[in-house]
Amino acid sequence: GIGGDELANVETRLTIRQQRERKDLDETLVERLNAQAKRDIETALQPYGYYSPTIESELTGEAPNWTARYKIDAGEATRIGEVDVQLLGEGKDNEGFKAALRRIERRLRPEQRLKHADYEDAKKQLADAAYAAGFLDAHWEKSELRVNPEARQANVVLHMQTGPRYLLGKVTLEQQGLDPEFIERYIVLKEGDVFDPQELLDQQFALGDLGYFQSVEIEPKRAEADAEHHVPVVIHTTPRN
């Protein structure tokens, strides 16, 4: 009665399927696993918006060969009702957040079938946007998926407090054996720039690709941020022989 991702998830969740190779299966255990299958199937269908499936089960055979059959009517899908996404704090007008919100609006729309993955992806989109834009203290004031199975409706509530924006503080390069003026030409991190974790990673790779260092490690000292939220950064290097 089902297919695609729903079927794959049911097969993954079915304990009786997972346990089918056990050597100690007896009638009592098989019947218990078969009784559990209904709940396994219900749980597996919920992420796809199906909260009220009808399930018929049949267990036939005897030790050591049983056959379990399940006929599933997924029923009417739960639809999205209200979508309440709010940004609070200093970053509420940040362009990075606005781009994330546009992507979320395409995935979470009223009357669309509920998929838990879309809700989780929306949370990740906003969390990633916050981190990339330097809002390191961003947190959820509310993150709720409110499902009413009887009404077949789900409301989404996501309220993020962005907190302050962090900037790069003093950038210190620790290295031995190279002319400081020469190697500092390859440091692209600048004090006062937005704290962007991807830029720190790009800097690490850029220095590593030069071939002068055995290892490069970039350490943001967030605990030492000043009152204006400037984060000092230390670049540790180990020289190559």
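Placed above this text is the structure.
Residues numbered from 1 in each chain as written. Predicted model: local features only at pLDDT ≥ 70, side-chain atom pairs only at ≥ 80, totals over all residues. Heavy atoms only, no water.

S.K.: It is not clear to me how the environment of His159 should be interpreted in this structure. Could you clarify?
M.R.: Structurally, His159 can be placed in strand 5 (residues 153–161). The class for His159 is buried, based on a relative accessible area of 12%. For the pair His159 and Lys142, spaced 17 residues apart in the sequence, the C-alpha separation amounts to 4.9 Å. Apart from residues no more than four positions distant in its own chain, His159 is found in contact with Asp84, Gln86, His139, Trp140, Glu141 and Lys142. Engagement of the side chain of His159 in a polar contact is seen with the side chain of Asp84, the distance being 2.9 Å. (Helix = DSSP H or I, 4+ residues; strand = E, 2+ residues; numbered from the N terminus. Buried < 20%, exposed > 50% of the residue type's maximum accessible area, 1.4 Å probe, protein only. Contact = heavy atoms within 4.5 Å. Polar contact = N/O pair within 3.5 Å; in protein donor to acceptor, adjacent residues only side chain to side chain.)

S.K.: I'm lost on the packing of aromatic side chains in this one. Help?
M.R.: A ring pair, where both rings are aromatic, is described by two values, the distance of the centres and the angle of the planes. According to the stated counting rule, one finds three aromatic pairs in the structure shown. Relative to Phe135, the ring of Phe97 lies with its centre 5.6 Å away and its plane at 40°, an arrangement referred to as tilted. Linking Phe97 in helix 4 (residues 95–107) with Phe135 in the loop between helix 5 (116–132) and strand 4 (139–148), this pair joins segments that are 38 residues apart in sequence. The buried category is assigned to Phe97, whose relative accessible area is 0%. A relative accessible area of 4% places Phe135 in the buried class. Their ring planes at 75° and their centres at 5.6 Å tell us that Phe182 and Tyr186 sit as a pair that is edge-to-face. Over the aromatic face of Tyr166 sits the side chain of Arg222, whose NZ or CZ is 5.5 Å from the ring centroid. (Phe/Tyr/Trp six-rings, centres within 6.5 Å; stacked < 30°, edge-to-face > 60°. Lys NZ or Arg CZ within 6 Å of the ring centre and 35° of its normal.)

S.K.: Where do I start with the sheet that holds strand 3 (residues 79–88) in this structure?
M.R.: Hydrogen bonds along the backbone pair up the strands of a sheet, which may run parallel or antiparallel. The three strands lie next to each other as 3-5-4, forming an open sheet whose pairing is mixed. Across the chains shown, the open sheet's two edge strands, defined by having one partner strand only, are strand 3 and strand 4. Direction aside, the axes of adjacent strands within the sheet are offset by 5° on average. Inspection of the sheet shows strand 4 paired to strand 5 by nine bridges, in the antiparallel sense. Of the residues in strand 5, the one forming a bridge with Leu145 is Val156. (Pairing = 2+ DSSP bridges. Axes fitted to C-alpha atoms, helices over the stretch in contact; angles between N-to-C directions.)

S.K.: Looking at this structure, how should I read the sheet that holds strand 7 (residues 213–220)?
M.R.: What the three strands build is an open sheet, ordered 6-8-7; its pairing is mixed. Every interior strand has two partners, whereas the edge strands, strand 6 (167–174) and strand 7, have only one. Here the average twist between neighbouring strands, direction ignored, is 20°. Relative to strand 8 (residues 230–239), strand 7 runs antiparallel, the two being bridged by seven bridges. Each bridged residue has a counterpart across the sheet, and for Val216 the counterpart in strand 8 is Thr237. Its contacts with the sheet place helix 7 (residues 197–209) against strand 6, strand 7 and strand 8, and it is angled at close to 160° to strand 7.

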